[in-house]
Amino acid sequence: MADILKPYQLSSTIELRNRLVMAPMTTWSSQPDGQISLDELDYYRYRSGGVGMVITATTFTIPNGMGFKNQFYAGDDLYIPSLTKLADSIKLGGAKAILQMFHAGRMSKKSVLGGNQIVSASAVKALREDSELPRELSEPEIHNIIESFYEATRRAIRAGFDGVEIHGANTYLVQQFFSPHSNRRDDYWGGSLLKRLRFPIGIVSSVKRAAADFGDDDFIVGYRFSPEEVEEPGITMDDTLKLVDVLADQGLTYLNLSLSNYKQTSMRDKKDLRPVGKRIMQVVNDRVPVMGVGSVVTFEDANDAYDFGYDMVQLGRSIIINPDWVAKAKSGKEIDKSLDLKAVKSLYIPEGMVTKIMESDGWFPTK
Ligand SMILES: Cc1cc2nc3c(=O)[nH]c(=O)nc-3n(C[C@H](O)[C@H](O)[C@H](O)COP(=O)(O)O)c2cc1C
């Protein structure tokens, strides 16, 4: 059997049935009040039978953290039953259930926040066509957000999740505080690299505190990050190697490196041909497991990503297209490379997600 399919000891007390993980993917399909929908429960149930771990779509922990219409919520105890259904739908298939949590910051929109202005580390617009000007968060608001991650972690534990993942990637608020583009503060939370690290590390401490207060010793806490930004100024590889060096000593269960190709090289320095993942794993130096992601389509790709050095390998678009990806890989069946739009119902892909896939301009292969 390929190593990637063998059980993996993630920590001293947690064994995963294999090293394959379903990547976190937003569905745009929760109920308008932030509860998980039946379609989403089917979507997860149908994909939790083979992988070792499923990371949920990202949830938000405080009202102004919402990023998308029809996103599910974890910011109130009233939502514990909804979260419990989500955890159960994943655990039923035998996978560990991980709740991904974020704050969208300046990547949200007024229309998503009920007419309220979006917020961020500083009042600097994101560099994209339809971005809006955020309002700079006040000191008490920053503390509230950090506390909201504590509370959401407590709810995740009550709901039966095996762990949580802090979404510090893909240009959302945790990354916005680390980024010299979105963080122009000159107070406790910004100014130098060490100060820009304070918010991400504050979130880690808050989540770890909740895990210690309410969870078992084996409660999983992961952290996802993006290594670079194209903006000027923006996060560089040097910045990220420092972030990773600090994260590796925080007692996290794993780090999740967000890339669009697991082997990719620097976006900022095209002359540097060293794969980003290798440089990060060198700094981590086995202090904490590292999960890779990006354009893993076939079984060969997954094995190659494992040989490359990642401890665990995530499946994103490919497990949307092939809910039974692991069973197919085990039996040597061909993995579909593009989504049959006529089959979305039988593949249990929620409607909101199908709409986004159709708008994705070829990034999501369809037929
Ligand atoms: C439909 C869709 C929704 C996504 N939503 C999230 C999300 O909520 N959180 C996150 O960290 N990444 C999200 N991503 C990124 C994926 O987790 C993954 O990193 C990316 O798709 C690359 O992996 P792939 O090439 O296997 O698809 C999303 C990707 C897709 C396709």
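In what follows, the accompanying structure is described. (Residues numbered from 1 in each chain as written. Predicted model: local features only at pLDDT ≥ 70, side-chain atom pairs only at ≥ 80, totals over all residues. Heavy atoms only, no water.)

1. Topic: the pairing of strand 4 (residues 53-60)
Spelled out, the test is: For every residue, the accessible area obtained with a 1.4 Å probe (protein chains only) is divided by the maximum for its type, and the residue is called buried under 20%, exposed over 50%, and partly exposed between those limits. A run of H or I in DSSP becomes a helix once it reaches four residues, and a run of E becomes a strand once it reaches two; helices and strands are each numbered from the N terminus. In this scheme, strands are said to pair when DSSP sees at least two bridges between them. Here a crossover is taken to be right-handed if, once the strands point away from the viewer, the path from the first strand over the helix to the second is traced clockwise.
With 8 of its 8 residues buried, strand 4 lies for the most part within the structure. Here strand 3 (residues 20-22) runs beside strand 4; their pairing, made up of 2 bridges, is parallel. Residue pairing in the sheet places Val21 in a bridge with Met53 of strand 4. In this structure, strand 4 lies alongside strand 5 (residues 96-102), joined through 6 bridges in parallel fashion. Residue pairing in the sheet places Thr58 in a bridge with Gln100 of strand 5. Chirality of the crossover, the property in question, places the unit of strand 4, helix 2 (residues 80-91) and strand 5 among those that are right-handed.

2. With respect to the site of the ligand
Here is the rule: Neighbouring residues are identified by heavy atoms, a residue being near a molecule or strand if any of them is within 4 Å of it. Any pair of nitrogen or oxygen atoms within 3.5 Å is treated as a polar contact; in protein, a donor-acceptor pairing is required on top of that, and neighbouring residues in sequence qualify only through side-chain atoms on both sides. Here the nonpolar group is Ala, Val, Leu, Ile, Met, Phe, Trp, Tyr, Cys and Pro; Asp, Glu, Lys and Arg are the charged ones; every other residue, Gly included, is treated as polar.
Around the ligand sit 17 residues, and of these Pro24, Thr26, Arg224, Ser295 and Arg317 come closest. One of the side-chain N or O atoms of Asn170 is found 3.4 Å from a nitrogen atom in the ligand. Looking at side-chain class alone, the shell around the ligand contains 7 nonpolar, 8 polar and 2 charged residues.

3. A short note on helix 9 (residues 299-308)
We apply this condition: By definition, residues are in contact when any of their heavy atoms lie within 4.5 Å.
Where helix 9 is concerned, the buried positions are Phe299, Ala302, Asn303, Ala305 and Phe308. Taken together, the buried residues of helix 9 touch strand 3, helix 8 (276-284), strand 12 (312-315) and helix 11 (325-331). Of the residues one or two after helix 9, Gly309 is the one with positive phi, at around 135°.

4. As for the side chain of Glu141
Following the sequence through the fold, Glu141 ends up in helix 3 (residues 139-158). Polar contacts involving the side chain of Glu141 include one to the main-chain amide nitrogen of Ser138, which spans 2.9 Å. The residues contacting Glu141, other than those within four sequence positions of it, are Asn64, Arg135 and Glu136.

5. Let's talk about the sheet that holds strand 9 (residues 220-225)
Our working definition: Only C-alpha atoms enter the line fits that serve as axes; for helices the fit covers just the stretch in contact. Angles between N-to-C directions range over 0 to 180 degrees.
The strand order around the closed barrel formed by 8 strands is 3-4-5-8-9-10-11-12, and the pairing between neighbours is parallel. Between one strand axis and the next, the sheet turns through 30° on average, direction left out of account. Pairing of strand 3 with strand 12, which is carried by 3 bridges, proceeds in the parallel orientation. By the bridge assignment, Val21 is partnered in strand 12 with Gln314. Strands strand 9 and strand 10 (254-257) of the sheet are contacted by helix 7 (residues 237-247), whose axis makes an angle of about 175° with strand 9. Those strands touched by helix 8 are strand 9, strand 10 and strand 11 (290-292), and its axis lies near 160° from that of strand 10.

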